Structure formats: structure tokens, C-alpha cells
Amino acid sequence: MRDEPSADDRLHRIRHSLAHVMAQAVLKLRPGSKLGFGPAIDDGFYYDFILSSPLTADDFGAIEDEMRKIIAENQTFVREDLSVADGLARIDGMGEPYKREYAEDLVHKQGVSSISFYSNGPFLDMCEGPHVDRSGQLPKDGFKIRSLAGAYWRGDSKNAQMTRLYAYAYADKKALDARIKEAELAKERDHKKLGAELDIYVIDDEIGPGLALWLPNGTVVRDELEKLAKELEFKAGYVRVATPQISKVGLYYKTGHLPYYKQHMYPFMPLVEDGEVREEYVLRPMNCPHHHKVFAARKRSYRDLPLRLAEYGQVFRYEDSGAISGLLRVRSMCMNDAHLYVTPDQIKAEFLAVLEMHRKVYEVLGLESYKLRLSAWDPDDPKGKDKYVNDPEAWESSQKLIREAMADGSFTYEEVKGEAAFYGPKIDVQFKTVTGREETASTNQLDFAVPKRLGLTYVDSSGAEVAPYVIHRAPLGTHERFVAFLLEHYGGAFPTWLAPVQVRIIPVTEQFTGYAEKLCAELRGEMVRAEVDGSSDRMGKKIRDAATAKIPNTLVVGEREQAEATITLRRFGVKEQATMPFAEFQAKLRQAIATRASAFPT
Ligand SMILES: [Zn+2]
Ligand SMILES: [Zn+2]
């Protein structure tokens, strides 16, 4: 054991010691309750109980008060190591059947030769520690009981159902408050909650888990992102292709994805004729092989390169049902894909141009908190031969080119070994979600291997047939993942250009519906997503509804507005409203949409 515990270790001791303190408090308030496990977790701790009588959230305050008393008593945590026989006898004396069962497992299945206990004040627990020395060292205002939940003993539904009390725990009140605030924000901004409230997508069990149905509002967001991507790609000299979502299985053996990638693919579809399997097809897990076949469809010369093939392509990946979550982990996704076929001396400039496109996309979307990671090859990986294409020279030279491109573009990044694709190094763009998890949003990969495997060639300037390098890139990642990020990033309040409904017009009374509809028709004539709230609800309710739907621009029109050809604009999240000529609003709106502005012009 270390003499000087690290900060992490200290926090772990605090959390685990607080778990004992909470158990002691619960036993005082609910005598005769039985104990399960009580470990420290990421943001605090929990303890499982069979309660002698139920607890509710109303009891949390009383438990916390008891805990503070125990802290004030400054009880000493004392460790004791007993022989197996003495230890089991001690547990029998405690009258804790679940601890007894676990101790038996430790002895018979794991072969431990002693059992350790910790006591503090009247509380005794079978436990390996570590703990703080005295309860007085625990922060009396650094913890908060968060929730209770049902949990099966040892996670097995055949076992007794226990009550699990969760608590946050930090070294001090400041850290605790920060975590509570973060958790509240995360709950508010969770893309699953917002996705439902704002009619972005649904998952239907009869369609299948992980297969999102995009609703009209979500489809608008997708379409706008595609429009952005297509514009940037057009200006950067990309051409678009459209390819099928299935192919023969054999293709993936050629590329080298099979057999290693099989667990991430849907089961194969045998095509049976006369009782015999003629072919096997599979839903594509990626677009690359299809694009490679487009490249191979014509004889290519170095004069044709770089060839940049783009497609928003639907791909299918088999995720475990346990891993599926909202739009972040799905089984089918639509990717902002492109493959750039380049000569060796074009690699650096093209790779850099792709990075610049990433930078542009994130700037437009106002995404600032991302990090770039160079995911490199690990030459020392013992499984290296299976995991990576065995071509050390190609690895070193392509990683060098990427480092140079990063330097040329003044990009800061972190280099991580062992995260490369099997065919080459890549730059991953890492985002932090509102829940604090780091996720890869998009990648830019250099591939020196698969083109060779597929026999892709072009004629170089000396007349020789050589394999191109390929850059795989997806600045906007997949719609599924990106819209999940954006929902959380904007808290559902999309900027005007991206908002499903850009303008809602509310007539003050029915009398002014005609004027509202005239304005609406004019806006829609300019391709603005405008609508009139023609419901019979009262004004206050209509304005609240527009705010709940997080519509960026709400126009209120009544007698004065109609007489003067004006509107009264209420911007989402802005208290003051402004009356202006309709033509002026129209001009500002046009500008906000055309420039994809994050704020509205004033
Ligand atoms: Zn313990
Ligand atoms: Zn690819």
C-alpha cells in the first residue's frame, strides 16, 4: 500500500467510507435491514439494502443528518484480518446473510485465506477497504443522496430484490455543487429527452432497436446538414456518387474487413436457387468498398487525381443490444462520407484540405470544445500482425505526412498509439458530450493498404500502373451521432438556418389570421420554414408553445402591425421584443439563413 495516497485514491477512500457511514445511518433509521454491496462509483457511491421498512426520497434528508452526526463523532475506522473460520463466525454473529454468501464465495471460489473487516463506531462491515482513518476526515457537505433504485443481489434477477441508495460524493461542497449542476444540465440537454420533445426521431420496437425513424423535424436538420456538406464539398472539387446498401460478402474478404470485422456486421443473406446457396449478400457496414469499385470502373490516370467521391451513404453495423442508446449508438446510420484517391505527392495537401473542411464545419456549427487525436499504429502491440497491415515503412511515412499536414495547418493534437485503423493512421475528432463522456464525432483517415488489396491502380507519369492512396473522411460524421451532439450542444434551440420551424406567426386574435397567413405565404415563397399558429388558444399559451418548441423566431401580429405592415419579433430566449417593418425582418432573416449565422442580425 502507498504511504501518500493520490488525489484519486483519497477521493475513492472518502466515497467508500461515506458508503459505510450511510449504511450505519440507514441501520439506525431502519433497524434490522440487511446489507448487500456498497462500493465507490464514478461520482460517489451506493449501498444495497434489504430494508426492514421502505424508504422514499423524503427520507434522504434524515439519512444525511444521521451521516453528519457520525462524521461529527469522528469515529475511527479499524481494520481487522481474521482467519477464514473466525471470519465466517464473525459474519454469523452479524446476522448478515448476503455478506455470508459472498464470504463463502471468496473462500470456496477465489480461495482467499483470510477475511478482512472494517469497523467504525457501532458499524461493522466485511470489507477490503481502503478507508479514511477517522470519520471526521469526511466532508460533511460534500455528499448528497441522489436516488433510490431496485437492484438484484449480485445483479441476478433470480436473486432477492434490494434497494440501492445512490449518492454523489466529492471532496468538498464546491465540487459537489458543480457535479449536481452538470447533472441537471445533462438531464435537460439529453438528446433522447430533446429528441422526443422536439419531434426529432423515434425508435419503434417493431422496426427494431437502434433503427431511428427520423420525424419531419429531424429530417429538416439532416437536410440542412447535407446541404452544408454538399456546398463545402462542391467548392472543394468533390463529385457525388450513389451506391447500393448491400453487396456480396466476398468483397469484404478482399478488403480485409472479414473475418475480423464480422461481429460488427449484420448476418449474411444467402441467395438460394434450386436448393443451393448461390451467393451471400450483406448489408454494408461502410461505404468504402463501393466507392473503390466506382474508382475501378474506369481506367484512371495521374491526371484524373485527386478524385474525390462523396456520398451521404447509409451503413449498417451490428451493435450489441446492451450498447444501443438513443442516436449515439445505433444499428443503421447515414454517413457524410467521401473517399479521396490521391498520388503520393498529393497526400499532404489533400489531408490538410480535409482538416480545413472539418474546421469550417465546426466553426459554422459553433462547436468549440473538440480535440484532435492522431490515432497511430502501435509497433509493439503483440497482436499487431492481426490488428494492423504489416508494413512498418508505410506506417512511418504516412504518420509523418499527417504530422506535417497538422503542423502546416497549425492544428494542435494529441498522438495516441494503438488507435489506428487496420489500414492506416487517422485523425479522430473527439467531443465531450453534456454528460462528460468523450466520443469520436468524425475521422480523417489515410489508407495505404486497401487500394492495393483491391487491385486499384492508376497510370502514373512514367506510364507505370500504381496503387493510389485513399483518404477516408467524414467531417459531419453520421447524421445519427451528429444530430445527437447538436441537440445537446444547442439544448434543442437550433439557430435559424438549422431550425425545423424557422418562423411561427401568432395572430393576436382571429381577426388578424388573414394578415398572418399573407406573411407566411410570402416567407414560404422564399423557402423559409414558416407557419401560422391558427389555434383557438389564448395568446399567452401560443407564445409559451412556441418557446417550448424552441422556435427561434416568433412573430406576433395584431391591429397595429397589420395597419403599418410591421411585425413584433420575439426571439427564442430573448426577453425584449421588437417591432419592425416586415420587409426589414425579411431581410434580416434572409441574411441569417444565407450566412448560417449562429445569432440573428440586430
Ligand atoms: Zn468498505
Ligand atoms: Zn471509407
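Residues numbered from 1 in each chain as written. Chains lettered and ligands numbered in written order. Predicted model: local features only at pLDDT ≥ 70, side-chain atom pairs only at ≥ 80, totals over all residues.

## Topic: the overall build of the protein chain
For the protein chain, the count of helices and strands is 18 helices and 28 strands. Its C-alpha atoms give the protein chain principal-axis dimensions of about 80 × 75 × 60 Å. Residue burial in the protein chain is summarised as follows: out of 602 residues, 35% are buried. Partitioning the intrachain contacts of the protein chain with sequence separation of at least 6 by distance along the chain shows that 68% fall at a separation of at least 24. (Helix = DSSP H or I, 4+ residues; strand = E, 2+ residues; numbered from the N terminus. Buried ≥ 20, exposed ≤ 12 C-beta atoms within 10 Å, placed from the backbone. Contact = placed C-beta atoms within 7 Å.)

## Some points on the environment of R524
Relative to the elements of secondary structure, R524 occurs in helix α15 (residues 513-525). Sequence-wise, R524 and I50 are 474 residues apart; in three dimensions their C-alpha atoms are separated by 62 Å.

## A few points about the packing of helix α3 (residues 84-94) against helix α4 (residues 97-108)
At a minimum axis distance of 9 Å, the contact between α3 and α4 shows a crossing angle of 165 degrees. Judged on the interaxial angle alone, α4 and α3 are roughly antiparallel. With respect to the hand of their crossing, α3 and α4 are arranged in left-handed fashion. The segment α3 lies against α4, with V84, G87, L88, I91, D92 and M94 engaging K99, R100, A103 and V107. (Axes fitted to C-alpha atoms, helices over the stretch in contact; angles between N-to-C directions. Parallel < 35°, antiparallel > 145°, perpendicular 65-115°, else oblique. Left-handed = near helix turned anticlockwise from the far one by under 90°.)

## Re the environment of E396
For E396, the location among the structural elements is in helix α12 (residues 392-408). On a C-alpha basis, the gap between E396 and G534 in space is 65 Å, while along the polypeptide they are 138 residues apart.

## Section: the sheet that holds strand β14 (residues 276-283)
With respect to topology, three strands assemble into an open sheet ordered β12-β14-β13, the strand pairing being antiparallel. Edge positions in the sheet fall to β12 (246-248) and β13 (269-273), since each of these pairs with one other strand and no more. Within this sheet the neighbouring strands show an average axis-to-axis angle of 35 degrees, counted without direction. Sheet topology places β12 next to β14; three bridges connect them, and they run antiparallel. (Pairing = 2+ DSSP bridges.)

## Structural notes on the sheet that holds strand β4 (residues 77-83)
Read across the open sheet, the three strands follow the order β4-β5-β6; overall the sheet is antiparallel. With one partner strand each, in any of the chains shown, β4 and β6 (123-126) form the two edges of the open sheet. For this sheet the average axis-to-axis angle between neighbouring strands, irrespective of direction, equals 25 degrees. The pairing of strand β5 (residues 114-120) with β6 spans four bridges and is antiparallel.

## Looking at the packing of helix α7 (residues 216-235) against helix α14 (residues 479-490)
A pair of packed helices is captured by two measures, namely the crossing angle of their axes and the spacing between those axes. Remark: α7 packs on α14, axes separated minimally by 11 Å, with the N-to-C direction vectors making an angle of 105 degrees. Judged by the inter-axis angle, α7 sits roughly perpendicular to α14. Contact with α7, carried on its side by G218, V221, R222 and L225, involves H479, F482 and V483 of α14 and no other residues of that element. Of the residues that constitute the contact of α7 with α14, the class distribution is four nonpolar, two polar and one charged. (Nonpolar A, V, L, I, M, F, W, Y, C, P; charged D, E, K, R; others polar.)

## A closer look at the nonpolar core
By size, the foremost hydrophobic cluster in this structure holds 88 residues, and its most contacted members are F351, V483, I505, L519 and L555. For this core, the element with the highest residue contribution is helix α10 (residues 347-365), accounting for eight residues. Taken together, domain 2 (201-490) and domain 3 (496-594) each give at least three residues to this core, which thus spans both. Discounting chain neighbours no more than four positions away, the residues touching I505 are A516, L519, C520, A530, V532, L555 and V557. Formed by 40 residues, the second largest nonpolar core is a distinct cluster that contains Y47, I71, F143 and L176. (Core = buried A, V, L, I, M, F, W, Y, C linked by C-beta atoms within 7 Å. Domains from an automatic or database assignment.)

## Regarding the domain arrangement of the protein chain
Domain parsing of the protein chain yields domain 1 (7-176), domain 2 (201-490) and domain 3 (496-594). Once you take the C-alpha centre of each, domain 2 and domain 3 turn out to be 41 Å apart. Counting from both sides, the interface comprises four residues of domain 2 and, opposite them, four residues of domain 3.

## Remarks on the pairing of strand β16 (residues 332-342)
With eleven of its eleven residues buried, β16 lies for the most part within the structure. Burial along β16 is two-sided: the residues S332, C334, N336, A338, L340 and V342 and M333, M335, D337, H339 and Y341 are all buried. Bridge count between strand β15 (residues 307-316) and β16: ten bridges; the pairing is antiparallel. Paired with Y312 across the two strands is N336, which belongs to β16. Pairing of β16 with strand β23 (residues 469-473) involves five bridges; the strand directions are antiparallel. In the strand pairing of β23, H339 is matched with H472.

## Observations concerning helix α9 (residues 288-296)
Taken as a whole, α9 has its buried residues at C288, H290, H291, H292 and F295. The inward-facing, buried residues of α9 abut β12, β15, β16, α13 (450-453) and β23.

## Let's talk about the pairing of β14
Pairing between β13 and β14: five bridges, direction antiparallel. By the bridge assignment for β14, M269 is matched with Y281. Between β13 and β14, which pair antiparallel in sequence order, lie two residues; one of them, D274, sits at a positive phi of approximately 50 degrees.

## Observations concerning the environment of T219
Structurally, T219 can be placed in helix α7. C-alpha of T219 to C-alpha of H479: the two residues are 260 residues apart in sequence and 9.8 Å apart in space.

## Section: unusual backbone geometry
Going from L258 to P259, the amide bond is cis rather than trans, its omega being 5 degrees. Tracing the sequence through the fold places P259 in the loop between α8 (250-255) and β13. Omega for the bond connecting L305 with P306 falls within 30 degrees of zero, at 0 degrees, which places this linkage in the cis form. Residue position: P306 is located in the loop between α9 and β15. The backbone phi angle of R154 is positive, close to 60 degrees, even though this residue is not glycine.

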